[in-house]
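# A look at the structure
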Amino acid sequence: MRIAVMGTGGMGGFLGAKLAMAGHEIIFIARGPHLDAIKKHGLKLLSNAGDIHIHPATATEDTTEVGAVDLILFCVKLYDTTAAVRACLPMMGSDSFILTLQNGVESVDMLSSVVGQGRTIGGSIYVSASIESPGVITHSGGNNTIRFAEVDNQPSRRTEILEDIFTQAGLVGIRAENLQVMLWSKFVLLSANAGVGALTDRSAAQMVADPLVKPLLLAAMQEAYDVASAMGIPLPEGVIDRVLDVIVSNGEKQDLIASQCLDLRKGRPLELEWIQGTLHRLGQHYDIPTPITSTCYAALKRFASGRQNP
Ligand SMILES: NC(=O)C1=CN([C@@H]2O[C@H](COP(=O)(O)OP(=O)(O)OC[C@H]3O[C@@H](n4cnc5c(N)ncnc54)[C@H](OP(=O)(O)O)[C@@H]3O)[C@@H](O)[C@H]2O)C=CC1
Ligand SMILES: CC(C)(CO)C(=O)C(=O)O
């Protein structure tokens with residue numbers, strides 16, 4: 001397949017490298033020194049599961065020179081969404097579709113408002129990956145599972161294709177039965193991990209192992225669960241236990257550290273508005289108290305635009 005990776009960072013670099021190894025034609029959309037390094041030296045993925053070096057790698061910032069692709073993996077930070085989705089338009093032919101792997105629960109709607117309904121599939125992924133240095137991605141943990149669903153929740157040729165390409169690339173691609181349940185199940189993990197993790201500077205497994213922090217993590221997960229329930233999203237009852245299983249079974253070496261925690265350490269902008277901000281606002285709207293989430297939101301807000309000297 002001809003696949004464009006819009007945003008070759010932690011997530012896009014990880015997935016793009018895996019799919020390139022499986023034989024797909026990957027066009028890495030990147031910018032700045034990272035783009036220069038990929039053009040010169042290729043893209044390196046450093047991972048406990050085995051390092052990969054894609055060299056030469058096709059990379060560009062200019063999406064008008066790419067032509068139509070079959071699939072776009074949408075992997076930019078939420079604050080870059082509007083500009084990046086507009087830049088996807090020149091790469092979209094009549095059958096092209098987008099799989100968004102952005103965190104949060106609003107990405108599909110944000111993309112659809114630009115590319116039109118029915119072009120975007122929602123996805124969620126349970127891995128930790130980040131840009132180590134220009135041209136180099138580190139994959140530090142997670143279970144390599146990617147779930148995805150059409151907006152109407154129906155199986156489709158497109159979800160079959162995604163199952164095939166991810167599985168052939170050594171990942172686990174699973175069609176979810178319900179988009180909102182899929183997104184909110186991850187949001188239960190993400191909002192707690194990203195909020196309490198960034199405030200305490202800890203990975204998920206470290207928080208679970210700390211008797212002072214674990215109750216905060218669990219309370220934050222419960223808040224997301226309660227907001228979802230108030231919205232009528234039927235999350236399975238044992239979802240928090242399942243999330244804890246994912247965290248604990250990964251162990252220290254394959255630990256899930258929140259990308260927001262890594263971004264805070266590096267002084268980068270945060271996705272706070274679409275994670276803690278969204279949950280805080282929904283809690284207020286549905287009259288569900290979210291004290292842990294709202295505290296994280298308030299405390300992290302001054303770092304949301306990034307810091308000059310981290
Ligand atoms: N990293 C992770 O472990 C996980 C991340 N996610 C989600 O995936 C999404 C991506 O996160 P992550 O991979 O961490 O982000 P990164 O910041 O690592 O990567 C995004 C990359 O896209 C580049 N970019 C942004 N806009 C453009 C553009 N218009 N043209 C070219 N390049 C562009 C950025 O460049 P620049 O640096 O110059 O801004 C950056 O290199 C987020 O929503 C995140 O929450 C989900 C699961 C896990
Ligand atoms: C690591 C993980 C899976 C959960 O926090 C994530 O999606 C993120 O932090 O971006």
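So, how was this worked out
- Residues numbered from 1 in each chain as written.
- Chains lettered and ligands numbered in written order.
- Predicted model: local features only at pLDDT ≥ 70, side-chain atom pairs only at ≥ 80, totals over all residues.
- Heavy atoms only, no water.
- UniProt positions renumbered as here; feature names shortened; annotations may be inferred.
- Near = heavy atom within 4 Å.
- Polar contact = N/O pair within 3.5 Å; in protein donor to acceptor, adjacent residues only side chain to side chain.
- Areas by Shrake-Rupley, 256 points an atom, 1.4 Å probe, with all protein chains shown as cover.
- Helix = DSSP H or I, 4+ residues; strand = E, 2+ residues; numbered from the N terminus.
- Nonpolar A, V, L, I, M, F, W, Y, C, P; charged D, E, K, R; others polar.
- Contact = heavy atoms within 4.5 Å.

As recorded in an unreviewed UniProt entry, the protein chain goes by the name 2-dehydropantoate 2-reductase, listed as coming from Paremcibacter congregatus. Annotation of the protein chain in UniProt includes, under Catalytic activity (unreviewed entry), the sentence "(R)-pantoate + NADP(+) = 2-dehydropantoate + NADPH + H(+)". Taken directly from UniProt, the Pathway (unreviewed entry) text for the protein chain runs: "Cofactor biosynthesis; (R)-pantothenate biosynthesis; (R)-pantoate from 3-methyl-2-oxobutanoate: step 2/2."

Quick look at the site of ligand 2 now. Asn103, Ile125, Val127, Ser128, Lys186, Leu190, Asn193, Leu256, Ile257, Ala258 and Ser259 make up every residue found near ligand 2. Ser259 places a side-chain nitrogen or oxygen 2.5 Å from an oxygen atom of ligand 2. Expressed as a share of its isolated accessible area of 280 Å², the protein-covered part of ligand 2 is 95%. Among the elements of the structure, strand S8 (120-133) and helix H6 (179-200) are those that each provide at least two residues to the shell around ligand 2. Here the residues of the shell around ligand 2 are counted per class, giving 6 nonpolar, 4 polar and 1 charged.

Bringing the environment of Ala192 into the picture now. Mapped onto the fold, Ala192 is located in helix H6. As a C-alpha pair, Ala192 and Phe14 span 178 residues in sequence and 24 Å in three-dimensional space. When neighbours within four sequence positions are excluded, Ala192 is seen to be in contact with Phe187, Gly197, Leu217, Ala220 and Met221.

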